[in-house]
Amino acid sequence: AQSVTQLDSQVPVFEEAPVELRCNYSSSVSVYLFWYVQYPNQGLQLLLKYLSGSTLVKGINGFEAEFNKSQTSFHLRKPSVHISDTAEYFCAVSDNYGQNFVFGPGTRLSVLP
Amino acid sequence: DTGVSQNPRHKITKRGQNVTFRCDPISEHNRLYWYRQTLGQGPEFLTYFQNEAQLEKSRLLSDRFSAERPKGSFSTLEIQRTEQGDSAMYLCASSLSLGVTATNEKLFFGSGTQLSVL
């Protein structure tokens, strides 16, 4: 069984500052890793995903994440955030058959002016 | 708009009543998922369909819950004898599976149906 931990429930950060949202997972099988974003009153959207290959994955809106197998982590980073990045961010893991996505509890990113 | 559509957006019901939600996935997508999300939590998997076949159900899905996808297109989720603990956002997602090993699987989510049981 897979599980996902997002230790930070809320992350406040000033505009143009860098941010890192942490994600750790556990699984007994090979996994695919995802970050989804949920803007207020909208459905979840895919930010980026790691399937295989390069451990540094670039996504939309300037976000990137690095897969670290030894630390079972997939932290999300952005070097300079905007007010419009304020949203809930969910890390998710699926098995390599893509049959079951397990989501973390989410991290609420609040970008302050 | 050709995204995932869910109806209704909001549903308020009294305890003990039955409710039904509908999800219209992206037309060419063969997989359809139902999730439940409560405040402060990530989406919890409920069930998913490959075409019209329901392939997996979570233990969260008690016998009061039933989901169907009769023609492999839209899906309905019915909750019978609702309880206050059923209050949550019910999310539908769809994807295009490329085969047994879905290496390019990407979920597209609807905006959800917010259920409030009084």
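For the structure, check the block above.
To start, this report covers the structure provided alongside it.

Reading guide: rules and limits
Residues numbered from 1 in each chain as written. Chains lettered and ligands numbered in written order. Predicted model: local features only at pLDDT ≥ 70, side-chain atom pairs only at ≥ 80, totals over all residues. Heavy atoms only, no water. Helix = DSSP H or I, 4+ residues; strand = E, 2+ residues; numbered from the N terminus. Rg over C-alpha atoms; globule rule 2.2 N^0.38 Å. Contact = heavy atoms within 4.5 Å. Areas by Shrake-Rupley, 256 points an atom, 1.4 Å probe, with all protein chains shown as cover. Lys, Arg positive; Asp, Glu negative; His and termini not counted. Charge placed at Lys NZ, Arg CZ, Asp CG, Glu CD. 1 Å grid on protein atoms, 1.4 Å probe; cavity = no way out; pocket = protein on both sides within 12 Å on 5 of 7 lines; lining within 4 Å. Points joined across faces, edges and corners; volume = space filled by probe spheres on them. Nonpolar A, V, L, I, M, F, W, Y, C, P; charged D, E, K, R; others polar. Salt bridge = Lys/Arg side-chain N within 4 Å of Asp/Glu carboxyl O. Buried < 20%, exposed > 50% of the residue type's maximum accessible area, 1.4 Å probe, protein only. Core = buried A, V, L, I, M, F, W, Y, C linked by side-chain atoms within 4.5 Å. Pairing = 2+ DSSP bridges. Axes fitted to C-alpha atoms, helices over the stretch in contact; angles between N-to-C directions.

1. Points about the overall build of chain A
And step 1. Check the secondary structure of chain A and you find zero helices and 12 strands.
And step 2. Along its sequence from the N terminus, chain A presents helices and strands in the succession β-β-β-β-β-β-β-β-β-β-β-β.
And step 3. Computed over C-alpha atoms, the radius of gyration of chain A comes to 13 Å, within 12% of the 13 Å expected from 2.2 N^0.38 for 113 residues, which places it in the range of a compact globule.
And step 4. Oriented by its inertia axes, the alpha-carbon framework of chain A measures out at about 40 × 30 × 20 Å.
And step 5. Taking the contacts inside chain A whose residues are at least 6 apart along the sequence as the reference set, 58% of them involve residues at least 24 apart.
And step 6. Roughly 5300 Å² of accessible area belongs to chain A as shown, and the carbon and sulfur atoms make up 50% of that amount.
And step 7. Computing the positive centroid from 7 side-chain charges and the negative centroid from 9, chain A places the two 5 Å apart.

2. Quick word on the layout of surface pockets
And step 1. Within this model, the largest pocket holds a volume of roughly 610 Å³.
And step 2. Contributing elements (two or more residues each) for the lining of the largest pocket: strand E10 (87–95) of chain A together with strand E9 (88–95) of chain B.
And step 3. The greatest single-element share of the lining of the largest pocket, amounting to three residues, is contributed by E10 of chain A.
And step 4. Partitioned by chemical class, the residues of the lining of the largest pocket number eight nonpolar, 14 polar and three charged.
And step 5. As for the second largest pocket, its lining consists of 19 residues, and the residues nearest its centre are Gly3, Val4, Phe109, Gly110 and Ser111 of chain B.
And step 6. At the level of secondary structure, the elements contributing two or more residues to the lining of the second largest pocket comprise strand E6 (44–50) of chain A together with strand E1 (5–7) and strand E10 (108–109) of chain B.
And step 7. In terms of residue count, the dominant contributor to the lining of the second largest pocket is E6 of chain A (three residues).
And step 8. A class-by-class count of the residues in the lining of the second largest pocket yields seven nonpolar, nine polar and three charged.

3. Concerning the pattern of salt bridges
Residues and elements named next belong to chain A.
And step 1. Following the criterion strictly, the structure yields 10 salt bridges over all chains and no others.
And step 2. Put simply, Glu64 and Lys58 hold a salt bridge, and the shortest N to O gap is 2.8 Å.
And step 3. On the basis of relative accessible area, Glu64 is assigned to the partly exposed category, the value being 22%.
And step 4. Of the charged contacts, one joins Lys78 and Asp85 as a salt bridge, the two residues approaching to 2.8 Å between their closest N and O atoms. Across this residue pair, the class does not change: Lys78 and Asp85 are buried.

4. Observations concerning the environment of Glu66 of chain A
Residue and element names in this part refer to chain A.
And step 1. Within the fold, Glu66 resides in strand E8 (residues 64–68).
And step 2. Residues Glu66 and Pro79, spaced 13 residues apart in sequence, show a C-alpha to C-alpha distance of 14 Å.
And step 3. Look past the residues within four positions of Glu66 in its chain and what remains in contact with it is Thr55, Leu56, Ser73, Phe74, His75 and Arg77.

5. What to know about the nonpolar core
And step 1. Counting residues in each nonpolar core, the largest one holds 28 residues, and the members touching the most others are Leu33, Trp35, Leu47, Leu48, Phe74, Leu76 and Tyr89 of chain A.
And step 2. Of all the secondary-structure elements, those providing two or more residues to this core are strand E2 (10–14), strand E3 (19–21), strand E5 (31–38), E6, E8, strand E9 (73–78), E10 and strand E12 (107–112) of chain A.
And step 3. If you look at the next biggest cluster of nonpolar residues, it comprises 19 residues, including Val4, Phe65, Leu77 and Cys92 of chain B.

6. Quick word on unusual backbone geometry
Most peptide bonds take the trans configuration, and most residues that are not glycine carry a negative phi.
All names here are of chain B.
And step 1. Pro8 follows Asn7 through a cis peptide bond whose omega is -10 degrees.
And step 2. Take Pro8: it is sitting in the loop between E1 and strand E2 (10–13).
And step 3. The backbone phi angle of Arg81 is positive, close to 50 degrees, even though this residue is not glycine.
And step 4. Following the sequence through the fold, Arg81 ends up in the loop between strand E8 (75–79) and E9.

7. Examining the sheet that holds strand E3 (residues 19–24) of chain B
Residues and elements named next belong to chain B.
And step 1. Reading across from one edge, E1-E3-E8-E7 is the order of the four strands in this open sheet, with antiparallel pairing throughout. Of all strands in the sheet, those bounded by a partner on one side alone are E1 and strand E7 (65–68). Between one strand axis and the next, the sheet turns by 15 degrees as a mean value, whatever way the strands run.
And step 2. As paired elements, E3 and E8 share five bridges and run antiparallel to each other. Bridged to Val19 within E8 is Ile79.

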